[in-house]
Amino acid sequence: MFLSSAASAQLSRRNLLGLGLGAAGALGLTACSRATGGGTAGASGGGGGSTVAFWDTVWGADSYVNRAQELVQSYSADGMTGAYQSVPWASYYQTFSSAVASNTAPAASSGGGYQAFQFYAQDAINPADNVIKALQDGGAEFGPGLLESMQYDGVYVGVPWQVDIRVLWYRQSLLEQVGAAVPTDWDTLRDAGLKLKAAGIQGFSVGAGTSTQGTQAFLAMLINNGGGWFDADGNVDCITDNNIQAVEYLLSLAKDGIITPAAVSYSQDNITSDWTTGKTAIGFDSPTLAQNFGADQQEDILVASPITGPTGKTGTMRFVNNLMMYKTVDTEVSEAFLTWYLQNMSVYWTEGLLSSIPALQSIVDTPEYQADARAKKIAEEWNPIGGTYASLASSANPAMAAVDGGQPTAVWAQQIVQQSADARTILETLQTGLEGIVTS
Amino acid sequence: MSTSGTTGAIAPGVVESVTRHQHPGGDHSQPGLPGGVRRTSSRVRRERITMASLVLPSIILVVLINAYPVFYAAIQSVHDGTLTTTGDFVGFDNFSTILASPAFWASARFTLVFTIVGVFGSWAVGLALALGLRAGVPGRSVFRVLLLLPWVVPIVVSATSWNWLVATPSSPVPQLAEALGFGQVLFLANPLLAQITVCIFKVWVSFPFMLLMTSAALESVDDNVYQAARMDGANRWQTFTQITLPMIARSTYISWILMAIFCVNDFPTIFLLTGGGPVDATTSLVVYAYKLVFTNFQTGFGVAVAFLMTVSLVIVSTILYRQIRKAGIE
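Residues numbered from 1 in each chain as written. Chains lettered and ligands numbered in written order. Predicted model: local features only at pLDDT ≥ 70, side-chain atom pairs only at ≥ 80, totals over all residues. Heavy atoms only, no water.

### Quick look at the overall build of chain B
Cut-off, in case you're wondering: Helix and strand labels come from DSSP, where a helix needs a run of H or I of at least four residues and a strand needs a run of E of at least two; each type is numbered from the N terminus. The buried label goes to any residue with under 20% of its type's maximum accessible area, the exposed label to any with over 50%, and the partly exposed label to all in between, with areas taken from a 1.4 Å probe on protein chains only. In this analysis, two residues are considered to be in contact whenever any of their non-hydrogen atoms come within 4.5 Å of each other. Method for areas: the Shrake-Rupley scheme with a 1.4 Å probe, in which residue coverage is limited to the protein chains shown.
In terms of helices and strands, chain B carries 15 helices and zero strands. Relative to its 330 residues, chain B shows a buried fraction of 38%. Across chain B, every contact between residues at least 6 apart in sequence was considered, and the portion connecting residues at least 24 apart equals 65%. For chain B, the computed accessible surface area is about 18,200 Å², with 69% contributed by carbon and sulfur atoms.

Here it is, written out as structure tokens:
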């Protein structure tokens, strides 16, 4: 009826079309005006001056995020102010990759431990040599091996700012309950595990489902025995005597029930729940583990000294978390901001907002940090023996980003928990899987 | 009936024109046949242009939103790039590598099982509940709302709840199984049990959709048909198989197709509960594609898997729709 009627209806159609075109035009103009606004990406101009955007993955509770925002927004230099953007860990890599691909990356950011290597190889970020030199000229001293771990292709691809390390935790009351001693080597670890198992308690915490803790704990044991996934030249090298010995040991823990078979599907919540409810007594975990316990349990959850492997070596795995600078803004702008940020980030530890190890020795030396016995022990005893996914190599490479949380390492951990094959076969599967993602 | 959707707008003009042609003297407002036909044709043309103009913005929008990603994905599937770089052209190497991969076929097998169980399991539960509610259960409006909860609750919450129920040896369901004498049952640790658990979880999440679809279809069945069947001596089973199922067949087939698409593309149900494990036992094609792209950074391989999935879905959907039309199900 509407379509077949007369002149007035024709006029309505024209009006309608005109209205549609007008609306489309208005939307287009709006989109264009927004596109030129720049948001918080990179360094952007605006009515009130320019901003330097800093994107930060969520390293702590809300109190950390709020403090980080406050800190970044207090930045002011050469008419530039800081703009903070918190980036959730869920899909963080997609967030950064999309920003790089669309040239809307921030001036600087934190992020995944190996993100800087990959982005540097993709020509998305600048070297951090000038920032490190400026900090060192100002008297800054980095923790052991941290700067070396950030070297790639003759430059520093990022600036270390904190270390997330896997250390051996234990519940003192549970060990006392079963009459076990704090482990000092693999034999005493097994002894304690067997006693705990007899009491229905896990003697080696593992989460190999949606959690990556199991993979990291097992790698910590490989490194503890002088092994790892990569050789000194950075090549995949899983099938070594030290690794076979370590995986055989882990398989025996699984066989004896010291590692629960349910761990193959454990999430981080499951791991935490077992720790806090007294179902787990020993295990490798991050320095943040104690935060999950109530105030009345804080005296009971303790950090052991590094254990010694059968080869007589010690070691564990760590992430050297770093800050990187993108090519979306002038190098001088991002370098000035990052230097300032690192010189002022001590508040995260002096105010008790982070449990990780600060990369700068000056922060480790603060009275507030030294007052925390667990943190002090982790920094003094565990940090010097920490190795990255690169294992025997002193520095990482872009391929590590795919190794971090990748499918082959997750399957590796699950195969150990399930005892699905002998140690050599499991390591051969890992070797093939890692070669597939490292070389592709 | 079936043509009304696409040609309904121009049908009045066409019908008018044909009518005038057959009865030239019928329209006294027109001075003569040739002029009237010309005016009518002109009006039809104007109406077509108007229709096209109205539809054009939507078509442009759909093309922009859908075609560009598809086109870009097609490019990625024949390159060995990353999330930020296109990489080198490798032809169909990604597809041949993927098709030769045992992991791909294992994922395809699980996807098939997951889809079949998801579609028919949720349909059976949804149909049973819809028939129960239709039978006049007291407080059925309350039940109807309660039964929608699995679908309404965010999948993250559901997955977390199910994880709490079954994941650890001290979770309620394993504890119950142990108390009943089944020993220590680890629902997510055993590959087969994990597959079964994920499939049951999918049925639980999806049956409210089937319940809604089936309830709507059942509402359209006239009660007189059932009364007539009863008068003819049909028992309940005969009524169900000979009347109910045929009369809701069209809605059923469509809901199967939709649910099949939902199942094949379902990522969160699996990923949040098991992460695709243990040892990839519950890795479906979409989870496999995700892992390839976002954890292994093998974008070309991952997109190739997504393309193969899409092509398979299009083929299956087309075949099913043709079957529906061929069978003349209304």
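### Focus on empty space enclosed by the protein
For clarity, the cut-off: Here a cavity denotes grid points, spaced 1 Å and computed from the protein atoms alone, that fit a 1.4 Å probe unable to get out, and a pocket denotes an open set having protein on both sides within 12 Å along at least 5 of 7 lines; residues with an atom within 4 Å of a point are the lining. Grid points are joined across faces, edges and corners, and a volume is the space filled by probe spheres set on the points. Polar here means any residue outside two lists: the nonpolar Ala, Val, Leu, Ile, Met, Phe, Trp, Tyr, Cys and Pro, and the charged Asp, Glu, Lys and Arg; Gly therefore counts as polar.
On inspection of all chains with the given rule, the structure shows two cavities of 30 Å³ or more. There is about 40 Å³ of room inside the second largest cavity. Along the lines of polarity and charge, the residues of the lining of the second largest cavity split into six nonpolar, three polar and no charged.

### Overview of helix α9 (residues 213–224) of chain A
Residues spaced three or four apart along an α-helix face the same direction, because each turn holds 3.6 residues. Residue and element names in this part refer to chain A. The condition that has to hold: By this rule the span expected of a helix is its residue count minus one, scaled by 1.5 Å.
Taking 1.5 Å of rise per residue, 12 residues should cover 16 Å, and α9 covers 16 Å from first to last C-alpha, within 8% of that figure. Of all 12 residues in α9, 12 are buried; the element is thus mostly enclosed. Among all positions of α9, only Gln213, Gly214, Thr215, Gln216, Ala217, Phe218, Leu219, Ala220, Met221, Leu222, Ile223 and Asn224 are buried. Positive backbone phi, approximately 80°, marks glycine 226, located one or two places after α9.

### Description of the sheet that holds strand β11 (residues 282–285) of chain A
Within a sheet, adjacent strands bond to each other through the backbone by hydrogen bonds, running parallel or antiparallel. Residue and element names in this part refer to chain A. Test applied: Each pair of strands is called paired provided DSSP finds at least two bridges between the two strands. Fitted lines through C-alpha atoms serve as axes, helices being fitted only where they are in contact, and the angles separating the N-to-C directions of these axes extend from 0 to 180 degrees.
Ordered by their spatial adjacency, three strands build an open sheet running β11-β10-β12, and the pairing between neighbours is antiparallel. On the outer flanks of this sheet lie β11 and β12 (301–303), each paired with one strand and no other. In this sheet, neighbouring strand axes are inclined to one another by 35° on average, regardless of whether the strands run parallel or antiparallel. Relative to β11, strand β10 (residues 167–171) runs antiparallel, the two sharing four bridges. When the bridges of β11 are listed, tryptophan 169 appears paired with glycine 283. Across the face of the sheet, helix α11 (residues 268–276) comes into contact with β10, β11 and β12 while running at roughly 140° to β11.

### Focus: the layout of surface pockets
In this structure, the second largest pocket spans a volume of roughly 780 Å³. Lining the second largest pocket are 30 residues, and of these A:Gln407, B:Ser101, B:Ala103, B:Asp280 and B:Tyr288 sit closest to its centre. At the level of secondary structure, the elements contributing two or more residues to the lining of the second largest pocket comprise α18 (407–418) and α19 (423–439) of chain A together with α4 (93–99), α5 (102–134) and α14 (285–295) of chain B.

### Things to note about the interface of chain B and chain A
We apply this condition: The term buried area means the drop in 1.4 Å probe accessible area that two parts suffer when joined, counted for both and summed. Salt bridges are defined as contacts in which a side-chain nitrogen from Lys or Arg sits within 4 Å of a carboxyl oxygen from Asp or Glu. Polar contacts, as used here, are pairs of N or O atoms within 3.5 Å; protein pairs need one atom able to donate a hydrogen and one able to accept it. Residues neighboring in sequence count only if both atoms are side-chain atoms.
Across the contact, 37 residues belong to chain B and 37 residues belong to chain A. Both faces considered, chain B and chain A share a buried interface measuring about 3,000 Å² in area, 60% of it formed by carbon and sulfur atoms. It is B:Thr84, B:Val279 and B:Phe297 that lose the most area in chain B upon contact with chain A, and together they represent 20% of the buried surface on that side. Taken together, chain B and chain A are joined by zero salt bridges. Our enumeration of links across chain B and chain A arrives at six residue pairs in polar contact (both at pLDDT 80 or more). At the level of secondary structure, the elements contributing two or more residues to the side of chain B that touches chain A comprise α3 (33–77), α13 (268–273) and α14 of chain B. Tallying contributions element by element places α3(B) first for the side of chain B that touches chain A, with six residues. Considered class by class, the residues forming the side of chain B that touches chain A number 18 nonpolar, 15 polar and four charged.

### Re the domain arrangement of chain A
All names here are of chain A. Applied cut-off: Residue ranges assigned to the domains are those given by an automatic or database domain assignment.
According to the domain assignment, chain A contains domain 1 (9–164 + 320–376) and domain 2 (167–317 + 393–438). Inter-centroid distance (C-alpha atoms) of domain 1 to domain 2 is 32 Å. Counting residues at the interface gives 11 residues for domain 1 and 17 residues for domain 2. Together, Tyr114, Ser355 and Arg374 form the three largest contributors to the area buried by domain 1 at its contact with domain 2, with a combined 51%. One can count three residue pairs in polar contact (both at pLDDT 80 or more) joining domain 1 with domain 2. Elements supplying a minimum of two residues to the side of domain 1 that touches domain 2: α4 (115–121), α6 (146–149) and β7 (151–152). Among the elements that line the side of domain 1 that touches domain 2, the one with the most residues is α4, at three residues. Taken together, the residues of the side of domain 1 that touches domain 2 break down into four nonpolar, four polar and three charged.

### Topic: the pairing of strand β4 (residues 80–87) of chain A
Residues and elements named next belong to chain A. Here strand β2 (residues 50–57) pairs with β4 via eight bridges, running parallel. In the strand pairing of β4, threonine 57 is matched with valine 87. As defined by bridge partners, strand β3 (residues 76–77) adjoins β4 across two bridges and the pair is classed as antiparallel. Of the residues in β4, the one forming a bridge with alanine 77 is methionine 80.

### Considering the side chain of B:Thr295
By the secondary structure assignment, B:Thr295 is in helix α14. You can call B:Thr295 buried: its relative accessible area is 15%. Looking at B:Thr295, its side chain comes within polar contact range of the main-chain oxygen of B:Lys291, at 2.6 Å. A polar contact of 3.4 Å, which involves the side chain of B:Thr295, links it to the side chain of B:Asn296. If we skip the residues at most four places from it in the chain, B:Thr295 touches A:Ala401, A:Ala402, A:Gly405, A:Gly406, A:Gln407 and B:Tyr290.

### Some points on a nonpolar patch on the surface
Rules: Patch membership requires more than 30% relative accessible area and the absence of a salt bridge. Residues of like charge join within 9 Å; the nonpolar side chains Val, Leu, Ile, Met, Phe, Trp and Tyr join within 5 Å.
On the surface, B:Leu54, B:Val55, B:Leu56, B:Ile59, B:Ile60, B:Leu61, B:Val63, B:Leu64 and B:Ile65 cluster together into a nonpolar patch covering about 800 Å² of accessible area. You can see B:Ile65 is positioned in helix α3.

### A few points about the environment of A:Thr328
Residue and element names in this part refer to chain A. With respect to the helices and strands, threonine 328 occurs in the loop between β13 (316–326) and α12 (331–344). Taking the relative accessible area as the measure of exposure, threonine 328 reaches 27% and is therefore partly exposed. For the pair threonine 328 and leucine 146, spaced 182 residues apart in sequence, the C-alpha to C-alpha distance is 26 Å. Of note is the side chain of threonine 328, whose polar atom sits 3.2 Å from the backbone oxygen of proline 106.

### Observations concerning the pattern of salt bridges
All names here are of chain A. On inspection of all chains with the given rule, the structure shows 11 salt bridges over all chains. Measuring nitrogen to oxygen at the nearest pair gives 2.5 Å for the salt bridge that ties aspartate 123 to lysine 327. Separated by 204 residues along the polypeptide, aspartate 123 in the loop between α4 and β6 (125–126) and lysine 327 in the loop between β13 and α12 bring together distant segments of the chain. Residue classification places lysine 327 among the partly exposed residues on the basis of a relative accessible area of 41%. A cluster of three or more residues bridged by salt bridges with shared partners is formed by Arg67, Glu70 and Glu351.

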